[in-house]
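So the chains spell out like this:
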Amino acid sequence: QVQLVESGGGSVQAGGSLRLSCVASGGTFSRYAMGWFRQAPGKEHEFVAAITGSGGSAYYSDSVKGRLTISRDNAKSTVYLQMNSLKPEDTAVYYCAVRYSSYIFDYASGTAYDYWGQGTQVTVSS
């Protein structure tokens, strides 16, 4: 079973940037699609972005499109979430998740993923 460890969260002012990382151990990373989700206090789990195993296709929620970018380095078994132009409404715990398949069609659904990391807190102040 793949283990996932997120890092890179923190506190930043509105308009600032952060880069989240999620390192996977176990399995063949390039064979797995990866996703990022977030959960703000009192709100439901929300899809943020997903990427196929090769990195050839990426998907985003409308709320982050153009500001957040998902990427991966298969040699390092790491998926990234570059977060620019952050807003207070981006404040949440961010989770990475793995799908044991290179492709993922229902990428916005949390049930499509097989395993989750422990999460990293992102706080954006106005």
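See above for the structure.
As the structure is a computational prediction, the values presented were derived from the model and not from experiment.

For Phe47, the position within the fold is in strand β5 (residues 46–51). Residues Phe47 and Gly10 lie 37 residues apart in sequence; the distance between their C-alpha atoms is 20 Å. If we ignore the near neighbours within four places in the chain, the residues touching Phe47 are Trp36, Phe37, Tyr59, Tyr60, Ser61, Tyr107, Ala108 and Tyr113.

What follows is about the state of the cysteines. Considering all chains together, one arrives at one disulfide under this definition. Note on cysteine connectivity: Cys22 is disulfide-linked to Cys96, with sulfurs 1.9 Å apart. Because the torsion about its S-S bond is 45°, the bridge between Cys22 and Cys96 counts as right-handed. With Cys22 in strand β3 (residues 18–25) and Cys96 in strand β9 (residues 92–99), this pair connects stretches of sequence that are 74 residues apart. On the basis of relative accessible area, Cys22 is assigned to the buried category, the value being 0%.

On to the side chain of Arg67. Along the polypeptide, Arg67 turns up in the loop between β6 (58–60) and β7 (68–73). Non-local contacts of Arg67, meaning those with residues more than four positions away in its chain, are made with Gln82, Met83, Asn84, Ser85, Leu86, Lys87 and Asp90.

A separate point is the packing of aromatic side chains. Applying the stated criterion to the full structure yields seven aromatic pairs. With a centroid separation of 5.6 Å and an interplanar angle of 70°, the aromatic rings of Phe37 and Phe47 are classed as edge-to-face. Of this pair, Phe37 sits in strand β4 (residues 33–39) while Phe47 sits in strand β5; the two residues are ten residues apart in sequence, bridging distant segments of the chain. Under the relative-accessibility criterion, Phe37 is labelled buried at 2%. Classification of Phe47 as buried rests on a relative accessible area of 9%. Aromatic ring contacts, followed pair by pair, group Phe37, Phe47, Tyr59, Tyr107, Tyr113 and Trp116 into a single cluster. Directly above the aromatic system of Phe29 lies the positively charged group of Arg72, at a separation of 4.3 Å from the ring centroid.

Either a parallel or an antiparallel arrangement is found when strands of a sheet pair, and the pairing is made through backbone hydrogen bonds. Taken together, four strands build an open sheet; the order of strands is β1-β3-β8-β7 and the sheet is antiparallel. Edge positions in the sheet fall to β1 (3–7) and β7, since each of these pairs with one other strand and no more. Averaged over all neighbouring strand pairs, the angle between strand axes comes to 15°, with direction disregarded. Bridging between β1 and β3 involves five bridges; their strand directions are antiparallel. Within β3, the residue paired with Gln3 across the bridge is Ser25.

The phi dihedral of Ser77 falls on the positive side, at around 50°, and the residue is not glycine. By the element assignment, Ser77 lies in the loop between β7 and β8 (78–83).

Thresholds, definitions, all that
Residues numbered from 1 in each chain as written. Predicted model: local features only at pLDDT ≥ 70, side-chain atom pairs only at ≥ 80, totals over all residues. Heavy atoms only, no water. Helix = DSSP H or I, 4+ residues; strand = E, 2+ residues; numbered from the N terminus. Contact = heavy atoms within 4.5 Å. Disulfide = S-S within 2.5 Å. Buried < 20%, exposed > 50% of the residue type's maximum accessible area, 1.4 Å probe, protein only. Phe/Tyr/Trp six-rings, centres within 6.5 Å; stacked < 30°, edge-to-face > 60°. Lys NZ or Arg CZ within 6 Å of the ring centre and 35° of its normal. Pairing = 2+ DSSP bridges. Axes fitted to C-alpha atoms, helices over the stretch in contact; angles between N-to-C directions.

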